[in-house]
Amino acid sequence: MFRAVVKKELLNHLVSFRFIVSTLIMVILAALATLIATADYNLRLRNYQSQVEEHRQDLEKIHVYSFLQPVLVRPPEPLSILDQGNDARLGNEVRIHIFAIPTTATGGFRGNELMTSFRGLDLTTIVRVVLGLLALLLSFDAVVGERENRTLQLIFSNSISRFSALAGKYLGALAALFVPLLMSFLLSLAILLWRGQVELNPSEGLRLAGIFGSYLAYLGLMVLLGLVISLFARSAPTALVVSLFAWLAIVFLIPQAATAMTRDVAGAEHAQGSTEDREAEIVRERERLLAAEAERHPLLATTSGHSSPIVETTRNKAVLRRYGSAAFYDALAAYHRQETAAGMRYAEKIFGIHQSGEADLRAEARLAAVFSYPSPAFLLDRLSESFAGTSFDDYDRFLTTCRSYRLRLIDYLRAQGAFDSWRWFTDDPTPTHPWPSLFGLGPDEVDESNVESLFGRLHEPGIAAKLQQDRMRFEQDPSRLLPIDDLPRFHHRGPSFPQAARRVAGAAAAMLALNLLLAIVAVVRFHRYSLDVAG
Amino acid sequence: MGEFVPMRSGKAPLIGGAEPVGRSVLAILLGRELRLLAEDFRCHVSCLLIVSLMGFGALVYAARYRSELRAYTAELARYDAQLRQTTVDRAVEVLHPAVKPPWRLAFLVDGGQQSAPNVYRQALSAWVEPELASGYGADERSRGPESLDWMFLLRVVLSLAAFALGYDAVCGVRQRATLRMLLSYPVARWQILTAKLVAAWSCLALPFFVGAALSLLILTGYGGLRFSAGELVRIGGVAGLSLWAMALYVLIAQLVSAHVRDSTRSLAMLALIWVMAVEVIPAASGLLAHGLRPIATDKEIERQMAEIRHRVETERHGPGSWRGRTWAKADDYAWERLSARTQNLRYALQEKLRRAVLEHKLSQLELARDLSLLSPIWLIQEAAERLVGSGSERDRSFLEAAWAFGDVLAGQVRILDARDPHSPHVLYFRGYMSEHPVDGGAFPRFSFRERSPGEGLRASAAHLLLLALETAIVLAGALYHFGRYDLG
């Protein structure tokens, strides 16, 4: 009898106008959204691959350790095709070096920062909006509508309990929703596998199951909500309008209001400017320290015949020098030993300041989340993003992996003796050829009276041409290239299923709790429900 | 339902017990509809939702405006501090900010200003790249959902409320019976429809007025905002547009209602139309604009920048490096002047590329906006943004003003440097310009002019005309379909 109820409900839904139209819209939108998201993913993947290749080639051309600043790139998440989350929005490159601990990623194809009001369409959004609405449309008149049509009593003409009748309605509606859900999910998956350059591994398969499960839990909740509305409404039209307003509140208003409240009212005081000021002050302190250190060495403080001109310098204090004397290079090595040690110390300090600012932002985000928990749509978003690997937590996980890679890099450099040797800043072998040798002079033959003019002569066409030839020769000289075959490797992949699930245990529990609460309310109410229309 | 009292003429009056003397049929019908709606819970829920959301939105905005103003003032103060006791030489590498002031009418029509870039920092030195940032340096994660402005309310809540109030204007068993009864009197169909339109519209307009008054009270009281005459005119304009929009929404609901037999089907159709108009069309427009007017990737732009640098440097001179100031003085900074001209050219070409990219991004945004005009709800949004001077128009005028500010700054720094006879005058490179102390006030400050109401009206004229056309079509459609509606 119970199965007959379920079957009857299911068949009724399947032939209804609202079901057919919603299913059609759902499938078309899912196909479109997934096609576009897949094309976007392919583009991001190509960009990622060319970034990785470019950085690999750059590393093969460096000559000194100060230039060894590997760039780590976050691969695009394949499941972002189903739930875009923050994957494309946040940066994907992190440069690793001694002087700072990474706190943010840059670069990546972030599209148009001016198009903030045009949110993308992905499968999770479509399920949240369209199927959420359909769930309510299928269940709002499940009880009150039949009572008005005087068909509710007929169900109980066979001996079936009230609980079974209600459960039959619930399952009938859920089964009907399963059809467009499964159709769009499988269609999206097919497009993802066929058009996308994606190969799913078992972990991703489990995460896909997690996403599908979240959709089901959400839809089950919306069906229960519709049933509860149906049980408390006086008439079917009333139930319909209440359902519509409930959908509006759940899908649009609650998440919006909660975030706005916490961001703008409770939390907007992140003293961003003051964090930057404090960081800048620490950097100035470091520079003062290093300048004082440089002044201490007589060879470093003044230009002389021993000095080595800077051939090339780039970000994060990377410096390549040539044409210096051995004595100068020894003094420079001592200076750079202090510089790198101070760099690492101050990097920790700056990171500490940054993290305390971060803590405020996180507290704010948690508060917003708590206020949004009553909205099933918000819970669905949380669950879906976590399983898809596109949440902020995944971005943080990438940054954490970058930070631990930085520590491995430091250990590697220490093991190579990079911080103590000349190879930090020069690829000149011994014996050295200080710059006065270009004029046939020794380093001690250059004094205060002629150093300026001699140094100026380095720009003479003949000398400049020789320097340029030397430079080109050095670029090709394999003995001058830094051997990096044993450089630590970097790997980053999406979250594992247990990791993703643990992160959103709270949201999952809230979703289940809401389901349970509504189920209890429905059962209790239906138990005392009058099957006849009130007079 | 009205009470029916038989009269000598054999015709019962429509409402109440007295013969309608001196009152038009329309007024009677309107009175009836209003009374019915006033007792309907849909009206109560709509009123509650509208007033509470407008009040809440105003509270949120007041808090946000205060914190934005603080951040804005702090940014300007930081800049002033940088320029205190400075020299022209140091000033060329300072990132001079052009800061967009907080958008005062964001509670009305935010237009994406909450998360749009609002500070453009540029140095004069060719070694320093300009930066375009949002939130004066706020965290990238705080780019949250849309703002709770009046337009959000109009787009999302008022539209749905209008559909909820008008979906059963004509269709449904109960309505058909009532209409049959009404039409047995000498009452035209258009009069019935008009009465329903005005009644439903009033049900939305009244709480909107109350909510608007509450909003303004909160903003001037708690928020401490004082609106200028121009701003009040714009607020009035948007309020007028909102009232028009509400009428259009009710008409759409009535059109659908006059098209179907079953009221549940009518509301389901309206809900789906709503989803298409509010969510799907803009999302699809964004994606289409993305596809039709793609933007170069960061890598591609970097490649083009590097190409410019390589081309300019190889054409103008070979390799070389800048000498110290005292050494280069010997030959009057010959190499440095050559390199400066080269680097300035390189910077100018790269800046041209950067601006072209930004222009392209703006045009992509504008294309997305134009495509989403297919939805009447977004047509209203766009009209409102143009009317008040928000949205992409504000972004565009900010960028143009910021670029012009750079030129003004460069001109002033050149003048200040020329006053010092000891300066090498190698513009604009640190280490080769005047080291005389200069007062921070000598540097010009960025100022941004908001659009005037007249300009707003001119910019939105086309959209308002299109809206008028759409309204006329929907009205005609509703009257036509209701005229032919079978009440049997």
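Below you will find a few notes about this structure. (Residues numbered from 1 in each chain as written. Chains lettered and ligands numbered in written order. Predicted model: local features only at pLDDT ≥ 70, side-chain atom pairs only at ≥ 80, totals over all residues. Heavy atoms only, no water.)

Some words on the overall build of chain A
The helix and strand tally for chain A stands at 17 helices and four strands. The C-alpha atoms of chain A give a radius of gyration of 33 Å, which is well past the 24 Å a tight globule of 535 residues would have. Principal-axis analysis of the C-alpha atoms gives chain A an extent of 115 × 45 × 40 Å. The buried share of chain A, taken over its 535 residues, is 53%. Residue pairs at least 24 apart in sequence account for 83% of intrachain contacts in chain A once pairs closer than 6 positions are excluded. With the model as given, the accessible surface of chain A reaches about 23500 Å², and the carbon-plus-sulfur share is 60%. Distance between charge centroids for chain A: 10 Å, based on 54 positive and 55 negative side chains. (Helix = DSSP H or I, 4+ residues; strand = E, 2+ residues; numbered from the N terminus. Rg over C-alpha atoms; globule rule 2.2 N^0.38 Å. Buried < 20%, exposed > 50% of the residue type's maximum accessible area, 1.4 Å probe, protein only. Contact = heavy atoms within 4.5 Å. Areas by Shrake-Rupley, 256 points an atom, 1.4 Å probe, with all protein chains shown as cover. Lys, Arg positive; Asp, Glu negative; His and termini not counted. Charge placed at Lys NZ, Arg CZ, Asp CG, Glu CD.)

With respect to the side chain of Thr124(A)
Residue position: Thr124(A) is located in helix H3 (residues 123-139). Among all residues touching Thr124(A), those that are not within four sequence positions of it are Leu82(A), Asp83(A), Tyr215(A), Leu380(A), Asp381(A) and Ser384(A).

A few points about unusual backbone geometry
Look at the link from Thr430(A) to Pro431(A): it is a cis peptide, with omega at -5°. Structurally, Pro431(A) is set in the loop between helix H13 (392-415) and helix H14 (448-456). That bond from Leu427(B) to Tyr428(B) is cis: its omega, -5°, falls within 30 degrees of zero. Of note, the phi angle at Arg150(A) is positive, near 60°, even though the residue is not glycine. Checked against the element boundaries, Arg150(A) lands in the loop between helix H4 (144-148) and helix H5 (152-155). A relative accessible area of 54% means that Arg150(A) is categorised as exposed. Its identity as a non-glycine residue notwithstanding, Tyr323(A) has a phi of 65°, on the positive side. Relative to the elements of secondary structure, Tyr323(A) occurs in the loop between strand E4 (318-321) and helix H11 (326-372).

Let's talk about the packing of aromatic side chains
The tally for this structure, following the rule as stated, stands at 27 aromatic pairs over all chains. Measuring from ring centre to ring centre gives 5.2 Å for Phe252(A) and Trp274(B), while their planes differ by 75°; the resulting arrangement is edge-to-face. Here Trp274(B) lies in helix H8 (residues 263-292) and Phe252(A) lies in helix H8 (residues 236-266), a pairing that spans two chains. Classification of Trp274(B) as buried rests on a relative accessible area of 0%. Clustering of aromatic rings is evident, with ring pairs tying together Tyr61(B), Tyr65(B), Phe107(B), Trp150(B), Phe208(B), Phe209(B) and Phe227(B). If you follow Arg162(A) out to its NZ or CZ, it ends over the ring of Phe526(A), 5.6 Å from the centre. Its end group placed over the ring of Phe99(A), Lys317(A) keeps NZ or CZ at 5.9 Å from the ring centre. (Phe/Tyr/Trp six-rings, centres within 6.5 Å; stacked < 30°, edge-to-face > 60°. Lys NZ or Arg CZ within 6 Å of the ring centre and 35° of its normal.)

Interpretation in functional terms is not warranted from these geometric data alone.
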